Amino acid sequence: MQVDLTALRQGFVDVGYICDENALLTVYLALKLQKPLLIEGAPGVGKTELGKTLAKVLQTELIRLQCYEGLDETKALYEWNYQRQLLRIQIDSRQDGNKLEEEDLFSLSYLLERPLLKAIRSPEKKVLLIDEVDKCDPEFEAFLLEVLSDFQISIPELGTLHAENIPVVVLTSNNERELSDGLKRRCLYLYFNFPDVARESKIIRSRVPAVKDHFAAEIARVIAHIRSQEELRKKPSIAETLDWTRALVALDKKRVDGAVVSDTLNLLLKNRQDQLLFHRKIGKKGIDQLLQQPDTPGGEQRCL
Amino acid sequence: MSLTAPAESHFEENMAAFAALLRAEGLVLGTAELLDALQALRHIDIADRTAFKTALRATLVKSERDLEIFERSFERYFIPLTAQAEHLREATLQMEAESARLKDAAGELSFKGEPLPLSAEEMLLYTSLPEEQRQNLQRFVQETEAAEKEMRPLRPLLETVVKGHLRYWHSRKEQLSPGSGAGGSGGGAGGISGAPVNRERRLRESDIRELSRADLPAAKALIDRLSRQLARRLVYQRQRSASRGALDFRRTVRANMRFGGRLFSLKYRRKRRSPLQLLLVGDLSASMKRYSSFVLQFIYGLQAAVANLELFSFADTLEYLTPALKEQTGLEHILERVVLEGESWGGGTDIGASLTELFEKYRELLTHRTIVIMVSDTRTVRLSQALAALQKVQERVRQVIWLNPLAPEEWSRYRSVREFGELVEMWPCNTIDQLEKAVSGRLFAANTYLEQEAGNDDQTYSYRR
Ligand SMILES: Nc1ncnc2c1ncn2[C@@H]1O[C@H](COP(=O)(O)OP(=O)(O)OP(=O)(O)O)[C@@H](O)[C@H]1O
Ligand SMILES: [Mg+2]
């Protein structure tokens, strides 16, 4: 695949996806080695978004397979179009004479393509996003592994179909269940932490352009401070940061302070216990104190 | 980036050695990963240390847990050349300083002009003592020297005293700085969220009864998260098993081709599983309080995934917790109240009386579908009565499982563990990790699938090929 690092970096910037060099280089290597990329990390840190971004940057179609428990081949790979098959059988049985063969019914024209088959049969290289792979069952995972190893699919009635172009594969997982060694072995691995303050304020500015630099930095600092509470049941994700920011903009806020945070807390911490924890451990005062301290330059990390 | 042949083979050896180090630290690494790594290195500038590290990380690491090991090992193994030189210089300086101090020490601790026969270790210990302690010892030696002029030879006694003193200080030091000596700083750069990962791992793997007070809130949050995660998974499973009862179109079409599209014979997928009925009896006596409340909290979090859940606690008497929970109040409060109100405090844990009460007063809760979970370290008054009561309960229900917080190595030491263990299935689970594994892996795996219906004549649907 024709990719170079500089172009990729620029592509991410153009699309407004803010990642660090580690993530960028890992993506680059996955493309170069033509290996699937497995991304893990807490909810809402941009795993799915990376898959989508990659399709945009590579200017190709995104094919998404959303995993869930119970997902099977008929939803992921292909299914026969039973309505059409039945219709055909019915029509056929009226005009007796020529005998309907099984091959007639189980041919490409009765095949419904699902994401995996689509990605494999596509004449151009596509981005295949297998989202939340930890939600599918182990049997399906084993099947996925097979597909990702050979990029070929055999359909009993039709024979084997080979990939014309090996797709760019991105898998995401929230780590609800350990994935099999086999699958992990096929993939390059990328772990997403919550972003540091510098990167998060860039994300804020990129996604909510109405926000000024200083305001974005304040928001990011507050979020980082809240996330530092290890006892939270659910730490606010980037998605929540963005929702919150948009709400603050809608409320016409230009600055953050303790009172603002407290008034809009349910956008950041969705459950009651976490909200109580916030009041107990940080509170309005804690936020005000935090924002009075000078910006700590410690979190300087190279961002794109 | 191309590497010349001889350098390359040296380089590959180096990489293999690094892989071996990671393996020794617990990473699962095969040749495939190593080849990936070498291939990845061809696409980067290996003089760029950060890029070099990223390429290795992307190819050799396969989980969040491995990440932390990788960071540590990388910093140790690939020491930058400048830092290497620095290390060496520091180490040399340190050694020189040490040997100078040793010489001084030998002079300070001499008796009648002759150094005391202390081992090198003891000498080093002496040199690392605070000034004040060193002077104390010196004074002691000098005073003994003065005293000997009048009395019998004191040298042997003196030696014993000095050595004993040093031993004392040695053990004091170890107590004051637990875990010192191991690990060390391990290089500054990188540091990908080491702390939280470490912390969670520690919480998961340490003995619940030995968690410090400061750890409790985080441990509770962890328990809560794990149990909700598990519940979600189990609910999915159930929903899915219900949907498996659906028509299997592929097989139906096949089977009905010859009937001209009329569906005479319908083919179905597999049938549903039966959800669990759990009844938990937890020992809330002083020694078991923390452990049991963790288990209670964990199982309570699974509520959504089981058909029915009944909670009991006991110390000297039985307490039915479920009704209070239905009037909301929250598990934690209820446990606190139960522990505080425990009327006849100090009456001693009585498993027999509690189980007898369970059997007599709550008989309708004990059905052939119920799985009873006992949470206790087996310590009880009147063991034989307790065994008899347990047996009676067991005969009424599907299964009794005993969660024991004692480490399995200790089991053989207690008669009560052995005897209860002969009667019912006893599972060790003294850490959060084990608790989760026992409940998700053993309890649910063994029991949710029990009632799978026989299905139909066709072979089952699977992902084979
Ligand atoms: N690096 C980033 N740059 C710009 N926007 C980002 C970035 N990371 C996340 N976002 C924003 O955060 C939102 C959440 O990200 P995303 O849905 O990809 O999270 P996720 O990790 O897939 O979460 P989940 O595990 O819940 O599926 C996205 O809508 C995206 O706009
Ligand atoms: Mg996602």
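Residues numbered from 1 in each chain as written. Chains lettered and ligands numbered in written order. Predicted model: local features only at pLDDT ≥ 70, side-chain atom pairs only at ≥ 80, totals over all residues. Heavy atoms only, no water.

Brief notes about the overall build of chain A
A count of helices and strands for chain A gives 16 helices and nine strands. Taking all 304 residues of chain A together, 54% fall into the buried category. Within the structure as shown, chain A displays about 13,600 Å² of accessible surface, and the carbon and sulfur contribution to it stands at 48%. (Helix = DSSP H or I, 4+ residues; strand = E, 2+ residues; numbered from the N terminus. Buried < 20%, exposed > 50% of the residue type's maximum accessible area, 1.4 Å probe, protein only. Areas by Shrake-Rupley, 256 points an atom, 1.4 Å probe, with all protein chains shown as cover.)

Here we look at the site of ligand 1
Residue and element names in this part refer to chain A. Near ligand 1 there are 18 residues, and of these Ile18, Gly44, Lys47, Thr48 and Glu49 occur at the shortest range. With respect to ligand 1, the backbone of Gly46 contributes an N or O atom lying 3.1 Å from an oxygen atom. With respect to ligand 1, the side chain of Thr48 contributes an N or O atom lying 2.6 Å from an oxygen atom. Here ligand 1, which alone exposes 630 Å², has 83% of that area covered by the protein. Contributing elements (two or more residues each) for the shell around ligand 1: helix H3 (47–57), helix H10 (197–207) and helix H12 (238–250). Residues belonging to the shell around ligand 1 are distributed by class as follows: eight nonpolar, five polar and five charged. (Near = heavy atom within 4 Å. Polar contact = N/O pair within 3.5 Å; in protein donor to acceptor, adjacent residues only side chain to side chain. Nonpolar A, V, L, I, M, F, W, Y, C, P; charged D, E, K, R; others polar.)

Regarding the state of the cysteines
Here is the idea: a disulfide is a covalent bond, and it sits between the sulfur atoms of two cysteines. Enumeration over the complete set of coordinates arrives at zero disulfides over all chains. A:Cys136 provides the cysteine sulfur closest to A:Cys67, a residue in no disulfide bond, and the two sulfurs are 4.8 Å apart. (Disulfide = S-S within 2.5 Å.)

A short note on unusual backbone geometry
Residues apart from glycine generally show negative phi values, whereas peptide bonds are mostly found in trans. At A:Gln59, a residue that is not glycine, the phi angle is positive and equals roughly 50 degrees. Tracing the sequence through the fold places A:Gln59 in the loop between H3 and strand S2 (62–66). Judged by relative accessible area, which is 72%, A:Gln59 ranks as exposed. Of note in the backbone geometry, B:Arg382 takes a positive phi value of approximately 45 degrees without being a glycine.

Side note on the confidence of the model for chain A
Summing up the model confidence of chain A, the mean pLDDT is 89 and the portion of residues at 70 or higher is 95%. Here residues 298–304 of chain A scores under 50 on pLDDT; set against residues more than four positions off or in separate chains, the count is 16 contacts. (pLDDT = per-residue confidence, 0-100. Contact = heavy atoms within 4.5 Å.)

What about the nonpolar core?
A general trend in soluble globular proteins is that nonpolar side chains are found buried together. A:Phe12, A:Ile130, B:Met15 and B:Leu56 are the most contacted members of the largest nonpolar core, which has 94 residues in total. No other element matches the nine residues that helix H2 (residues 21–33) of chain A contributes to this core. Sequence-distant contacts of B:Met15, that is, excluding residues within four places in its chain, are made with B:Leu34, B:Ala37, B:Leu38, B:Leu41, B:Phe52, B:Leu56 and B:Phe78. B:Ala218, B:Ile334, B:Ile371 and B:Ala438 belong to the second-largest nonpolar core, a separate cluster that totals 47 residues. (Core = buried A, V, L, I, M, F, W, Y, C linked by side-chain atoms within 4.5 Å.)

Regarding the sheet that holds strand S3 (residues 277–283) of chain B
All names here are of chain B. As summarised here, the arrangement of the six strands in space is S5-S4-S3-S6-S7-S8, forming an open sheet in which the pairing is mixed. Whereas interior strands pair on both sides, the edge strands pair on one side only; in this sheet they are strand S5 (318–320) and strand S8 (425–428). Going across the sheet, the axis of each strand differs from the next one's by a mean of 25 degrees, ignoring polarity. Pairing geometry for S3 and strand S4 (residues 308–314), over seven bridges, is parallel. (Pairing = 2+ DSSP bridges. Axes fitted to C-alpha atoms, helices over the stretch in contact; angles between N-to-C directions.)

Things to note about the packing of helix H1 (residues 5–15) of chain A against H3(A)
Residues and elements named next belong to chain A. Packing of H1 against H3 leaves a shortest axis separation of 9 Å and a crossing angle of 110 degrees. When the interaxial angle is binned, H1 and H3 end up roughly perpendicular. With respect to the hand of their crossing, H1 and H3 are arranged in right-handed fashion. Residues Leu8, Gly11, Phe12 and Val15 of H1 touch H3, and the partners they reach there are Leu50, Thr53, Leu54, Lys56 and Val57. Broken down by class, the residue content of the contact of H1 with H3 amounts to six nonpolar, two polar and one charged. (Parallel < 35°, antiparallel > 145°, perpendicular 65-115°, else oblique. Left-handed = near helix turned anticlockwise from the far one by under 90°.)

Describing helix H16 (residues 283–292) of chain A
Residue and element names in this part refer to chain A. Taken as a whole, H16 has its buried residues at Gly283, Gly286, Ile287, Leu290 and Leu291. Along H16, the residues classed as buried sweep out an arc of 130 degrees about the axis, all on the same side. Facing away from the buried side of H16 by over 90 degrees, the exposed positions are Lys285 and Gln292. Tucked inside the fold, the buried residues of H16 contact helix H11 (213–227), helix H13 (258–263) and helix H15 (272–281). (Arc of directions from axis to C-beta.)

Structural notes on the environment of B:Arg199
You can see B:Arg199 is positioned in helix H9 (residues 194–205). B:Arg199 sits 20 residues away from B:Ala219 along the chain, and the two C-alpha atoms are 9.7 Å apart. Beyond its immediate sequence surroundings of up to four residues, B:Arg199 is in contact with A:Glu230, B:Ala214, B:Asp215 and B:Ala218.

Digging into the pattern of salt bridges
Pairs can form between side chains of opposite charge once their charged atoms are near each other. Inspection of the entire model under this criterion finds 35 salt bridges over all chains. The residue A:Arg114 makes a salt bridge to A:Glu79 at a minimum N-O spacing of 2.6 Å. One end of the pair, A:Arg114, is in the loop between strand S4 (111–113) and helix H7 (115–121); the other, A:Glu79, is in strand S3 (residues 78–80), with 35 residues separating them in the sequence. A salt bridge links B:Arg379 to B:Asp377, with the shortest nitrogen-to-oxygen separation between them at 3.8 Å. The partly exposed category is assigned to B:Arg379, whose relative accessible area is 43%. When its relative accessible area of 3% is taken as the criterion, B:Asp377 is described as buried. Look at the salt bridges and you will find they share partners, linking B:Arg49, B:Lys53, B:Arg57, B:Glu71 and B:Glu75 into a network. (Salt bridge = Lys/Arg side-chain N within 4 Å of Asp/Glu carboxyl O.)

Let's talk about the sheet that holds strand S8 (residues 168–173) of chain A
All names here are of chain A. Strand order across the open sheet formed by five strands is S2-S5-S8-S1-S9, with parallel pairing between neighbours. Pairing within the sheet leaves two strands with one partner each, and these edge strands are S2 and strand S9 (188–192). This sheet shows a mean twist of 20 degrees between the axes of neighbouring strands, independent of strand direction. Against the sheet, H2 touches strand S1 (37–41), S8 and S9, its axis set at about 160 degrees to S9.

Thoughts on the layout of surface pockets
Computed from the structure, the second largest pocket encloses a volume of approximately 1,200 Å³. Lining the second largest pocket are 34 residues, and of these A:Gln273, B:Lys220, B:Gln297, B:Glu332 and B:His333 lie nearest its centre. Sorting the residues of the lining of the second largest pocket by element identifies H15 of chain A together with helix H10 (216–243), helix H12 (289–300) and helix H14 (331–341) of chain B as the ones contributing at least two each. Here the lining of the second largest pocket gets seven residues from one element, more than from any other, and that element is H14(B). Among the residues forming the lining of the second largest pocket, the class breakdown is 13 nonpolar, nine polar and 12 charged. (1 Å grid on protein atoms, 1.4 Å probe; cavity = no way out; pocket = protein on both sides within 12 Å on 5 of 7 lines; lining within 4 Å. Points joined across faces, edges and corners; volume = space filled by probe spheres on them.)

Side note on the pairing of strand S6 (residues 370–375) of chain B
Residues and elements named next belong to chain B. Burial of S6 is extensive: six of the six residues sit out of reach of the surface. Taken together, the six bridges between S3 and S6 define a ladder with parallel strand orientation. Residue pairing for S6: Gln277 is matched across the bridge by Thr370. In terms of strand pairing, S6 meets strand S7 (residues 399–404) through five bridges, oriented parallel. Within the sheet, the bridge partner assigned to Met374 lies in S7 and is Trp402. Running through helix H16 (residues 383–396), the crossover from S6 to the neighbouring parallel element S7 is right-handed. (Right-handed = clockwise from strand over helix to strand, strands pointing away.)

What about empty space enclosed by the protein?
All names here are of chain A. Throughout the structure, instances matching the rule amount to seven cavities of 30 Å³ or more. Its boundaries defined by the atoms lining it, the largest cavity holds a volume of some 130 Å³. Contributing to the lining of the largest cavity are 16 residues, with Ala30, Leu31, Lys35, Val168 and Val169 lying nearest its centre. Among the secondary structure elements, those contributing two or more residues to the lining of the largest cavity are H2 and S8. Along the lines of polarity and charge, the residues of the lining of the largest cavity split into 13 nonpolar, one polar and two charged.

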